[in-house]
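Coordinate inspection notes
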Amino acid sequence: MANGLMEGKKAQDWLNLVLGVALFVSPWVIGFAPETLPAWNAWGVAVILAALAIAALSVFAEWEEWANLVLGLWLIVSPWLLQFATNINAMWTHVVLGLLVAAVSAWALWDYRQNPHAHV
């Protein structure tokens with residue numbers, strides 16, 4: 001049973017890794033790479049998100065999930081704090097991926113709180 005719970009946890013980490021890759025390529029795919037601030041924000045957050053996901057895949061630590069949650073929240077508010085909300089493509093990319101990252105991270109934290117013995 002614990003093995004099944006860990007597989008679910010790994011799925012959450014893999015999802016965050018996929019979201020990190022999606023965020024990294026989004027400036028080119030969505031078309032806001034020429035816009036310096038939103039592109040560099042996406043690339044920077046994507047690298048950190050992917051690094052945390054890889055770390056969580058190797059050895060679980062609750063703080064990694066909290067850090068991912070903070071990154072997701074940052075993605076949601078960064079278009080307004082960094083003042084690129086007028087770039088609709090960049091803004092929606094950050095908001096949607098931020099919501100997904102925050103949701104996956106909240107799910108991972110909820111799962112950890114419900115089944116802490118499965119992560120030891």
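None of these values were measured; they are calculated from a predicted model.

Examining the UniProt feature "transmembrane region" (unreviewed entry) in the protein chain
- Per the UniProt entry, the sites bearing "transmembrane region" (unreviewed entry) are residues 14–34, 40–59, 66–85 and 91–110 in this numbering.
- Its end C-alpha atoms 26 Å apart, residues 66–85 is made of 80% helix and 0% strand.

With respect to the nonpolar core
- The biggest cluster of nonpolar side chains holds 15 residues, and the ones touching the most others in it are Leu19, Leu23, Val45, Leu49 and Leu71.
- Elements that contribute at least two residues to this core include exactly helix H1 (2–31), helix H2 (36–58), helix H3 (62–81) and helix H4 (88–114).
- In terms of residues, this core owes the most to one element, H2, which gives five residues.
- In this structure Leu19 touches Leu49, Leu97, Leu100, Val101 and Val104, once residues within four positions along its chain are discounted.

Topic: the packing of H3 against H4
- Where H3 meets H4, the closest approach of the two axes is 7 Å, and the angle between their N-to-C directions is 155°. With respect to H4, the element H3 is oriented roughly antiparallel. Classified by chirality, the crossing of H4 by H3 is left-handed.
- The residue inventory of the contact of H3 with H4, partitioned by class, reads 16 nonpolar, six polar and three charged.

Focus: unusual backbone geometry
- With phi around 60°, Gln83 is a residue other than glycine that occupies positive phi space.
- With respect to the helices and strands, Gln83 occurs in the loop between H3 and H4.
- A residue is classified by how much of its surface remains accessible, and Gln83, at 69% relative accessible area, is exposed.

So, the packing of aromatic side chains
- Applying the stated rule across the entire model yields four aromatic pairs.
- Relative to Trp43, the ring of Phe24 lies with its centre 6.5 Å away and its plane at 50°, an arrangement referred to as tilted. On the criterion of sequence distance, the pair formed by Phe24 in helix H1 and Trp43 in helix H2 is long-range, its members being 19 residues apart.
- On the basis of relative accessible area, Phe24 is assigned to the partly exposed category, the value being 33%.
- Ring geometry for Trp40 and Trp43: centres 5.1 Å apart, planes at 90°, overall edge-to-face. One end of the pair is Trp40 and the other is Trp43, both in helix H2 and three residues apart, which spans about a single turn.
- Trp43 gets classed as buried once you look at its relative accessible area, which sits at 14%.
- Here the aromatic cluster, defined as three or more aromatic residues joined through ring pairs, consists of Phe24, Trp28, Trp40 and Trp43.

Cut-off values and rules
Residues numbered from 1 in each chain as written. Predicted model: local features only at pLDDT ≥ 70, side-chain atom pairs only at ≥ 80, totals over all residues. Heavy atoms only, no water. UniProt positions renumbered as here; feature names shortened; annotations may be inferred. Helix = DSSP H or I, 4+ residues; strand = E, 2+ residues; numbered from the N terminus. Core = buried A, V, L, I, M, F, W, Y, C linked by side-chain atoms within 4.5 Å. Buried < 20%, exposed > 50% of the residue type's maximum accessible area, 1.4 Å probe, protein only. Contact = heavy atoms within 4.5 Å. Axes fitted to C-alpha atoms, helices over the stretch in contact; angles between N-to-C directions. Parallel < 35°, antiparallel > 145°, perpendicular 65-115°, else oblique. Left-handed = near helix turned anticlockwise from the far one by under 90°. Nonpolar A, V, L, I, M, F, W, Y, C, P; charged D, E, K, R; others polar. Phe/Tyr/Trp six-rings, centres within 6.5 Å; stacked < 30°, edge-to-face > 60°.

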